[in-house]
Amino acid sequence: MAEEIKQVNGSVVPLLLDDIDTDRIIPARYLRCVTFEGLGEHAFKDDREHDSEHPFDHPHYSSASILLTGRNFGCGSSREHAPQSLMRWGIQAIIGESFAEIFFGNCTSLGIPAVCAERAHLDQLHQAVKDNPSQELTLDLHNRQIHFGEISVPCEIPASAHSALTTGQWDFLSQLLSAQEDIQATAEKIPYMSNFSA
Amino acid sequence: MSNFVSEFGRSADPRHATLPCFPYVQAPLKGRSLLQLRINRPEPDAPSVSIGVGLQHPPDDPCSPGTDNSSERHPTMSDRRNLFNKVWDLHEVGTLPSGQPQLFIGQHLIHEVTSPQAFEILREKGLKVLFPERTLATVDHIIPTDNQARPFQDDLAEEMMSAIERNCRDFGITLLNLNDDRQGVVHIVGPEQGITQPGITLVCGDSHTSTHGAFGCIALGIGTSQVAHVLATQSLAMNRPKVRRIEVTGERNPGVFAKDVILHIIRKLGVQGGVGYAYEYAGSVFDEMTMEERMTVCNMSIEGGARCGYVNPDQTTIDYIRGRPFAPQGEAFDRAAQWWLSLASSDDAEFDDHVTIDGAEIEPTVTWGINPGQSVGVTESIPDPEQFHADERTGAEEALQFMGLDPNQPIRGLSIDVAFIGSCTNGRLSDLREAAAVAKGNRVSDGVRALVVPGSQQVRKQAEHEGLDKIFEEAGFEWRAAGCSMCLAMNPDKLVGREISASSSNRNFKGRQGSPTGRTLLMSPAMVAAAAINGCVTDVREMMTPVSV
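On a predicted model such as this, the values are computed, not experimentally measured, just so you know.

Definitions and limits used
In every chain, residue numbers begin from 1 and rise along the written sequence. As a convention, the first chain written is A and the first ligand written is 1, with the rest following in written order. Given that this is a predicted model, residues contribute local features only at a pLDDT of at least 70 and side-chain atom pairs are listed and counted only at 80 or more, while totals for whole chains, interfaces and linings are drawn from all residues. Strands are runs of DSSP state E lasting at least 2 residues, helices are runs of H or I lasting at least 4, and numbering of each runs from the N terminus. Three exposure classes are used, based on other C-beta atoms lying within 10 Å of a residue's own C-beta, which is placed from the backbone: buried for 20 or more, exposed for 12 or fewer, and partly exposed in between. Note on contacts: each residue gets a C-beta atom placed from the backbone, and two residues are in contact if those atoms are within 7 Å. Under this grouping Gly is polar, as are all residues other than the nonpolar Ala, Val, Leu, Ile, Met, Phe, Trp, Tyr, Cys and Pro and the charged Asp, Glu, Lys and Arg. Two strands are said to pair when DSSP picks up at least two bridges between them. A fitted line through C-alpha atoms serves as each axis, taken over the contacting stretch for helices, and the angle formed by two N-to-C directions is quoted from 0 to 180°. By convention the nonpolar core is taken to be a set of buried residues drawn from Ala, Val, Leu, Ile, Met, Phe, Trp, Tyr and Cys and joined through C-beta atoms within 7 Å. Angle categories are assigned with fixed cut-offs, so that under 35 degrees is roughly parallel, over 145 is roughly antiparallel, 65 to 115 is roughly perpendicular, and the rest are oblique. Rotating anticlockwise by less than a right angle from the far helix to the near helix defines a left-handed crossing, while the corresponding clockwise rotation defines a right-handed one. What marks off one domain from the next here is an automatic or database domain assignment. The pLDDT score gives, residue by residue, the confidence of the prediction method on a 0 to 100 scale.

Counting its secondary structure elements, chain B contains 18 helices and 20 strands. Expressed as a percentage of the 549 residues in chain B, the buried residues total 59%. The contacts in chain B between residues at least 6 apart in sequence include a share of 76% that link residues at least 24 apart.

So, in structure tokens, the structure goes:
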């Protein structure tokens, strides 16, 4: 059983942009590796090199553990290196308007809740975080609520991911492994698994 | 079409020809001069919040107004399940304690970039590969396309090569290595070898796995943890997406290629418009396409936000597969073909959503921005961010600034520095033929660096047999070995500085082609060849002899 993730507390790094692709999160040249170790330092590498004010380099946000972002975050390449680099930078939860699906699946299997909130609420949180960067945010995943100072807004996450994370069942490998007999039974009824024998 | 509308209790009244209700789909449709577009949603009520992955009301969501596609709901009589749901139902193992469906995976493809950590997970846990014969490995992403002598000059690339060689050896997996003439880009090799077949579930740690959907299978890109899951259990935890049928009617005009069709679809539906969906591509334009053209379209489903894309199998599909090395042979092939055809969505099949696009209105298309939805027809001008809906304006401004382009500037005539023909999107034989037809007898413009990178050793061999290499080389293109090359620039093929590339690949993201400030214009291979010759974005139709495409 993995850790039950019912709540995440921490300060926030604001990056309220839309359509951030995984090439931007981790450029392809940093995929030349055989482990995920050390990827944290390359998170948003190119963006940071061309923007001295990038939030991932700003001292206000250096200890942040929750990322606040926009629409369609994590689109593009399926590279798990993207959530791995964010996780290794220190991110434990992501709040956005929406997420690309492969990225979302990768986050869930790493135990990183990626929750969706309305844009108006994200704008409100974004401003509040900028005004008070040291303030901690509470992501109450169990109750699907976000609390930041005086602000309390709802968030959403697909029911199955909510269940997997909050009950500590996001280590899918162990669950898949315990269905060996069902896997074999399914294989036997699929025509191509027996080369279409009559 | 009217059948579809009435199925969901709506009249064909044009007042009901609504745009999607969700902001994430709606936004990209605003403020644009759209071609004929109709989207119907079966759900009477839509949530007011765009919740991305969440908003699709997965089957386990108790709040879902619900499209339950399970076979139990559609017993007997004619099977109104679409292909996606027929194939899914056959492969669903059960429901995991966490609530996710467990999906059996018929075919697994791996490559050197997203697999090494997965094998480490297996080693740490003392696990074996459950069906080693159901995984096939190749090398593509980091492969140099000029000097392939080992060890590679790039130590990191060499380390990754050694890792996949060791992992395949240790776990009993067939590897199509550089010394195997079947090696190539994973999404070109699968179909070429007859591994990709209708009705299978196929996964690979690469988002462009959607390519294989051209055969009428469920083909999904996955992350590295999931690669480990499939290696160890031949299955995945995954929620079932909804299915949107995208019908492109009529005929394409000459000079309009498969790449233009998919760029046009993404332009209209947006880069996040497909989130929560599998795309079924249907209609006369897809019926008429070759398998290679269908692969180009399905390849870029992911750029439209869809989980995957597919085309129903038909005689074109069967004719393509027959006789390929991994295809069933003899009587088994006949039985297979019969089964494959039976999987196709019937005329009265049910879908969660439906879009119709008039094929005749598609132009050769070129991207101007930093995502594949930011494109225009080659005769159009770059849009003014002021014309965009507020949701999109910031992104458009950021794109123009990065690209160094002005609003209202014609895209035609824009100078380029590099031309790249290749990738899993457009690195097949027909792509090279189309580009060669444009290049033949011409010369690459002074100052333009032009590369042709075949998608596989087989493509390269066949192209050389047809003399395409000579046409390209005489025109001043470099003729390279097979690999992913400058599509994502993990090998030595990269843009330098602010160079602008005309590219037949799939992504124009910032930094995608190897230089953090490099710029990419996506277009068809024929359009890339035309741009290489003229040194600027060109309407390829002006260079083509008037024959039907």
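Another point: the overall build of chain A. Along the backbone of chain A there are 8 helices and 8 strands. Principal axes of the C-alpha set define a box for chain A whose edges measure 70 × 40 × 25 Å. Across chain A, every contact between residues at least 6 apart in sequence was considered, and the portion connecting residues at least 24 apart equals 73%.

Below, the discussion takes up the interface of chain A and chain B. Counting from both sides, the interface comprises 64 residues of chain A and, opposite them, 74 residues of chain B. When contributions to the side of chain A that touches chain B are tallied by element, the ones reaching two or more residues are α1 (22–25), α2 (45–49), α4 (101–109), α6 (159–166), α7 (172–177) and α8 (180–189) of chain A. Among the elements that line the side of chain A that touches chain B, the one with the most residues is α4 of chain A, at 6 residues. Considering only residue class, the side of chain A that touches chain B consists of 31 nonpolar, 16 polar and 17 charged.

Attention shifts here to the sheet that holds strand β3 (residues 101–104) of chain B. Taken in spatial order, the 3 strands of this open sheet run β2-β3-β9 (chain B), and their pairing is antiparallel. Where the open sheet ends on each side, the last strands, each with one partner, are β2 (92–95) and β9 (235–237) of chain B. For this sheet, the mean angle separating the axes of adjacent strands, direction not counted, is 20°. Relative to β3 of chain B, β2 of chain B runs antiparallel, the two sharing 3 bridges. Across the sheet, the residue bridging to Gly 94 of chain B is Gln 102 of chain B, located in β3 of chain B. Across the face of the sheet, α8 of chain A comes into contact with β2, β3 and β9 of chain B while running at roughly 150° to β2 of chain B.

Residues and elements named next belong to chain B. Core analysis: the biggest nonpolar cluster contains 212 residues, and Ala 419, Val 528 and Ala 532 have the highest contact counts within it. At 8 residues, helix α18 (residues 525–534) tops the list of elements feeding residues into this core. With near-sequence residues (within four places) excluded, Val 528 lies in contact with Ala 419, Phe 420, Ile 421, Ala 435, Ala 502, Ser 503, Ser 504 and Met 523.

The next thing to look at is the packing of helix α4 (residues 116–125) of chain B against helix α7 (residues 224–233) of chain B. Residues and elements named next belong to chain B. Two numbers describe how α4 lies on α7: the axes approach to 8 Å, and their chain directions differ by 50°. Taken together, the axis directions place α4 and α7 in an arrangement best described as oblique. Between α4 and α7 lies a crossing whose hand is right-handed. Contacts from Gln 117, Ala 118, Ile 121 and Leu 122 of α4 reach α7 at Thr 224, Val 227, Ala 228, Leu 231 and Ala 232. In terms of residue class, the contact of α4 with α7 is built from 7 nonpolar, 2 polar and no charged.

This next bit is on helix α16 (residues 457–465) of chain B. Residues and elements named next belong to chain B. Of the positions making up α16, those classed as buried are Gln 457, Gln 458, Val 459, Arg 460 and Ala 463. Its buried side turned inward, α16 meets α6 (186–192), α15 (429–439) and α17 (468–475). Note on α16: the residue one or two positions beyond its end, Gly 467, has a positive phi of about 80°.

Now for the domain arrangement of chain B. All names here are of chain B. Per the domain assignment, the segments of chain B are domain 1 (2–43 + 241–312 + 345–361), domain 2 (101–237) and domain 3 (365–543). Every contact between the two is made by 21 residues of domain 1 and, on the other side, 24 residues of domain 3. Those elements that provide at least two residues to the side of domain 1 that touches domain 3 are α2 (23–29), α8 (258–269) and α10 (291–299). Ranked by the residues each element gives to the side of domain 1 that touches domain 3, the list is headed by α8, at 6 residues. Taken together, the residues that form the side of domain 1 that touches domain 3 break down as 8 nonpolar, 7 polar and 6 charged.

A cis amide bond links Arg 150 of chain B with the next residue in sequence, Pro 151 of chain B, at an omega value of -10°. Residue placement: Pro 151 of chain B occurs in the loop between β5 (135–138) and α5 (155–171). The backbone of Phe 44 of chain A shows a phi angle near 55°, a positive value even though the residue is not glycine. Checked against the element boundaries, Phe 44 of chain A lands in the loop between α1 and α2. Judged by the 21 C-beta atoms lying within 10 Å of it, Phe 44 of chain A is buried. Look at Ser 423 of chain B: it is not a glycine, yet its phi comes out positive at around 90°. Take Ser 423 of chain B: it is sitting in helix α14 (residues 423–426).

Here we come to the sheet that holds strand β6 (residues 137–140) of chain A. All names here are of chain A. What the 4 strands build is an open sheet, ordered β1-β6-β7-β8; its pairing is antiparallel. The sheet is open, and its two borders are formed by β1 (7–10) and β8 (151–154), each paired with just one other strand. Strand-to-strand twist of the sheet, defined as the mean angle between neighbouring strand axes without regard to direction, takes the value 10°. For strand β7 (residues 145–148) and β8, the ladder comprises 4 bridges, and the chain directions are antiparallel. Counted as the bridge partner of His 147 is Ser 152 from β8.

Residue and element names in this part refer to chain B. A residue-level look at chain B finds 85% of positions with pLDDT of 70 or above and a mean pLDDT of 88. With pLDDT under 50 throughout, residues 1–76 is counted as low confidence; its partners more than four residues away or in other chains account for 133 contacts. Across the interface, the model reports ipTM at 0.96; the global pTM reads 0.90.

As a further point, take the environment of Glu 386 of chain B. Residues and elements named next belong to chain B. With respect to the element layout, Glu 386 can be found in the loop between β15 (375–377) and α13 (390–403). Overall, the presence of 10 C-beta atoms within 10 Å leaves Glu 386 in the exposed class. In sequence terms Glu 386 and Pro 407 are 21 residues apart; their C-alpha atoms lie 9.2 Å from each other.

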